[in-house]
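# Working through the structure, step by step
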Amino acid sequence: MKKQTSMATENQQGASSVVARYYTRWYKTDLKSKPGEDHCVLQHSNRICVITLAESHPVLQKGRQIKSINYQISANCSRLQNKVSGKSKRGGQFLTELAPLCRITCMDGEEYTVFSCIRGRLLEVNEDILMNPSLLQEKPSTEGYIAVVLPKFEESKSVTQGLLTQTEYEDILSKRRSTTPEPCS
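Residues numbered from 1 in each chain as written. Predicted model: local features only at pLDDT ≥ 70, side-chain atom pairs only at ≥ 80, totals over all residues. Heavy atoms only, no water.

Turning next to the overall build of the chain. Each helix and strand counted, the chain has five helices and 11 strands in total. In the chain, buried positions account for 42% of the 185 residues. At a minimum sequence separation of 6, the contacts of the chain that also span at least 24 residues come to 58%. When the accessible surface of the chain is split by element, carbon and sulfur atoms take 50% of a total near 11,200 Å². (Helix = DSSP H or I, 4+ residues; strand = E, 2+ residues; numbered from the N terminus. Buried < 20%, exposed > 50% of the residue type's maximum accessible area, 1.4 Å probe, protein only. Contact = heavy atoms within 4.5 Å. Areas by Shrake-Rupley, 256 points an atom, 1.4 Å probe, with all protein chains shown as cover.)

Spatial strand order, β1-β2-β3-β11-β10-β7: six strands in an open sheet with antiparallel pairing. Of all the strands in the sheet, just β1 (23–28) and β7 (94–95) have a single pairing partner and so form its edges. Bridge count between β7 and strand β10 (residues 120–125): two bridges; the pairing is antiparallel. Within β10, the position partnered with F94 by the bridge is R121. (Pairing = 2+ DSSP bridges.)

Turning our eyes to something else, we now look at the layout of surface pockets. Over the atoms rolls a probe the size of a water molecule, and in doing so it shows where empty space is left. If you add up the space inside the largest pocket, you get close to 180 Å³. Lining the largest pocket are R47, K87, S88, F94, G120, R121, L150, P151, K152 and F153. In the lining of the largest pocket, the residues fall into four nonpolar, two polar and four charged. (1 Å grid on protein atoms, 1.4 Å probe; cavity = no way out; pocket = protein on both sides within 12 Å on 5 of 7 lines; lining within 4 Å. Points joined across faces, edges and corners; volume = space filled by probe spheres on them. Nonpolar A, V, L, I, M, F, W, Y, C, P; charged D, E, K, R; others polar.)

Glancing now at the confidence of the model for the chain. Overall, the predicted model of the chain reaches an average pLDDT of 83, with 88% of residues at or above 70. Contacts from residues 1–14, a stretch scored under 50 in pLDDT, to residues over four places away or in other chains number one contact. (pLDDT = per-residue confidence, 0-100.)

With respect to the helices and strands, the residue H39 is situated in strand β2 (residues 39–44). Separated by 3.2 Å, the side chain of H39 and the backbone nitrogen of F115 make a polar contact. The residues contacting H39, other than those within four sequence positions of it, are W26, Y27, K28, L31, T52, A54, H57, T113, V114, F115 and C117. (Polar contact = N/O pair within 3.5 Å; in protein donor to acceptor, adjacent residues only side chain to side chain.)

Structure representation (structure tokens):
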């Protein structure tokens, strides 16, 4: 019985334990020179990358509500139309580092574009967040991911160049906090 209790406690302590165990977190900050619009790339050892919002992204801040999420990038490009097949994932849309994946509109009218951050083939987008946008805010690293991207094999080692490690990202966050003035009382 004690074994079950410790397993249950372990699962309650961190649903992200699978993420922590099998994925390396990489970050891209202030995308397109927009302060605070940080993205996270979870890289698995098999080179698959999961694109999510970083913890500091404005969409994930308290009080923010999502009105809609749209994978229609332009009149001729919808990420929902992405179809891959076969072992080599043929047919997936090829993405560059700054390729838009989706647009998130909040209830206050603010709109945010989520970018790929890495080069690779789009394997899938998370359609679950279309019906349940709160997943994006409640579980951004698991059920609330944006998309899954597969870098080219020859680029799989260099795909994280230009991205920040967890420690570098935390340093940037602490610098932001120290330069942000406290509100007057």
